[in-house]
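Chain by chain, the residues:
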Amino acid sequence: MENSTLNAGDITERRFSLLFLFLRLIGIPVNRKTSSCYRSLYNTVVSICMYNLYLEFTMDVVTSRDLEYGFVKARFFLGACVIMWMHLYLRIRKSAFEVLFALTESFRWEDQPETDPDTKVLTMAGLVTRLQRYMLRGIIFINGYHIIHTIITRARYHFVMFNTWHPFDNSTMLTLQIMNISEIFGSLAIITTLMTFTCLYGVMVCVACSQLEKLRAALLDIKQETSEHEGTFSRMQDQLNACIRHHQEIKRFMQEIEDVFNPCFCGLFLIILITLCCLAFSGVMSWGHSADVLQGFAGYLSMLLCVFIYCRLGTELTSQAESVGDSAWGCDWVGTPVHFQRCLAFVIATAQKEFTLTAGKFVPVSNTTMMN
């Protein structure tokens, strides 16, 4: 049970503290009712550094006259396109994500085991917390490697971090240092955006799946203690009514996930598809240059990993939603009154309506799409 002295906002802040921290670090003030001038200034600086670096990548590709060199540079540009789309969408739909967080306040998953007692497999309730920890470790590791590599490179060669297009002379030391600081800050924010957006999606899906697991357990727990006891069916009906209300809340939350994420996935999947094609083509063109080939291969695997995470979790949510009907059928309903059986049939019929996360309402976010 949650501490009664905490209000809903405090509970949400505690549950998703790491997510809120990194969203605010990339300039998305989620769940903030007020913002100081310093916070607004910070958000502006972060956005300027990120979009300035993206503009540099764009112009570097546009002004490139060498086809092979242009495709190598296009890797950074297309990778940045994926992440800029995520960041822009988070900024535009910030209020929609806040509604999504608010809907989780009626759910409880802390009382569920982190691992299945029979199979010892991590449950969705356990993943809700662990995903945020994985995000933290991933951000620290990748950004740490990035900073160390940058420091070593700068100490050795004394040039700008990215060899990109600039509209001014960058030969002076002051200009060089300002550009380096801006590009380092922008690149750190870009890496953090990728990890944070992916974790945000994963956490929301895992919250929905954890509640579906909880609902299935509650349905299977509806049993007849003694057929002669007058209050047995009344107790069973109360249990079923609670399950129906819980199911309706879960369905509302799932629909909100679909409404919030489907426009984003429409653009995201299209950009990733173009990026994968470009990375494969540039890898072939760079054949013989081991460093360029490995760079392209690493980028290709990164994009595939993103698609795998999105689609695998989408398939898991669909599967969990469908299994509610099996759990309802598996409860101890034989011999119960007709009105109880009708309510149970309603739960089964509702669960049989397939729910699928989509990209733009026309492409399912599923394993099939990933393989295609």
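Residues numbered from 1 in each chain as written. Predicted model: local features only at pLDDT ≥ 70, side-chain atom pairs only at ≥ 80, totals over all residues. Heavy atoms only, no water.

1. Points about helix α2 (residues 17-25)
- Residues of α2 that are buried: Leu19, Phe20, Phe22, Leu23 and Arg24.
- Phi for Gly27, located one or two positions after α2, is positive at around 90°. (Buried < 20%, exposed > 50% of the residue type's maximum accessible area, 1.4 Å probe, protein only. Helix = DSSP H or I, 4+ residues; strand = E, 2+ residues; numbered from the N terminus.)

2. Here we look at a nonpolar patch on the surface
- There is a patch of nonpolar side chains on the surface, built from Leu41, Val45 and Phe185 and spanning about 240 Å² of accessible area.
- Note on placement: Leu41 falls in helix α3 (residues 37-62). (Patch = residues over 30% accessible without salt bridge, like charges linked within 9 Å, V, L, I, M, F, W, Y side chains within 5 Å. Areas by Shrake-Rupley, 256 points an atom, 1.4 Å probe, with all protein chains shown as cover. Salt bridge = Lys/Arg side-chain N within 4 Å of Asp/Glu carboxyl O.)

3. Describing the packing of aromatic side chains
- All chains considered together, the criterion is met by 18 aromatic pairs.
- Both rings, one in Tyr201 and one in Phe265, keep their centres 5.0 Å apart while their planes meet at 90°; by these two values the pair is edge-to-face. Note that Tyr201 is positioned in helix α7 (residues 173-220) and Phe265 in helix α8 (residues 232-285), a separation of 64 residues in sequence. When sorted by exposure, Tyr201 lands in the same class as Phe265, which is buried.
- Each ring, one from Trp329 and one from Trp333, has its centre 5.1 Å from the other, and the planes form 50°; the classification is tilted.
- One aromatic cluster in this structure is built from Tyr89, Phe97, Phe197, Tyr201, Phe261, Phe265, Phe269 and Tyr310.
- In this structure, Arg15 packs its charged tip against the face of Trp109, placed 4.0 Å from the ring centre. (Phe/Tyr/Trp six-rings, centres within 6.5 Å; stacked < 30°, edge-to-face > 60°. Lys NZ or Arg CZ within 6 Å of the ring centre and 35° of its normal.)

4. Some words on unusual backbone geometry
- Positive phi is not limited to glycine here, since Lys361 has a value of about 70°.
- Mapped onto the secondary structure, Lys361 falls in the loop between β1 (358-359) and β2 (363-364).

5. Quick notes on the UniProt feature "transmembrane region" (unreviewed entry) in the protein
- Feature annotation in UniProt places "transmembrane region" (unreviewed entry) on residues 37-54, 74-90, 134-152, 184-209, 260-287 and 293-311, given in this structure's numbering.
- Each end of residues 74-90 is marked by a C-alpha atom, and these two atoms are 24 Å apart; helix forms 100% of the span and strand 0%.
- Secondary structure within residues 134-152 divides into 100% helix and 0% strand; the distance between the first and last C-alpha atoms comes to 27 Å. (UniProt positions renumbered as here; feature names shortened; annotations may be inferred.)

6. A closer look at the side chain of Glu316
- One can find Glu316 in helix α9 (residues 290-329).
- What makes Glu316 buried here is its relative accessible area of 17%.
- Among the polar contacts made by the side chain of Glu316, one reaches the side chain of Gln320 at a distance of 2.9 Å. (Polar contact = N/O pair within 3.5 Å; in protein donor to acceptor, adjacent residues only side chain to side chain.)

7. Notes on helix α10 (residues 338-352)
- In this model α10 runs 21 Å from its N-terminal to its C-terminal C-alpha over 15 residues, within 8% of the 21 Å that 1.5 Å per residue would give.
- Here α10 has its buried residues at Phe340, Leu344, Val347, Ile348, Thr350 and Ala351. The buried residues of α10 occupy one face: seen down the axis, they fall within an arc of 165°. Away from the buried face of α10 by more than 90 degrees, exposed residues Val338, Arg342 and Gln352 are located. (Expected span 1.5 Å × (residues − 1). Arc of directions from axis to C-beta.)

8. A closer look at the pattern of salt bridges
- Per the counting criterion, the structure on display carries eight salt bridges.
- We note a salt bridge from Asp111 to Lys214, for which the minimum N-O separation is 3.2 Å. Of this pair, Asp111 sits in the loop between α5 (94-103) and α6 (124-157) while Lys214 sits in helix α7, and the two are 103 residues apart along the sequence.
- Look at Lys214 and you get partly exposed, because its relative accessible area is 25%.
- Taking the shortest distance from any N to any O, the salt bridge between Glu258 and Lys361 comes out at 3.4 Å. Remark: Lys361 occurs in the loop between β1 and β2 and Glu258 occurs in helix α8; sequence separation between them is 103 residues.

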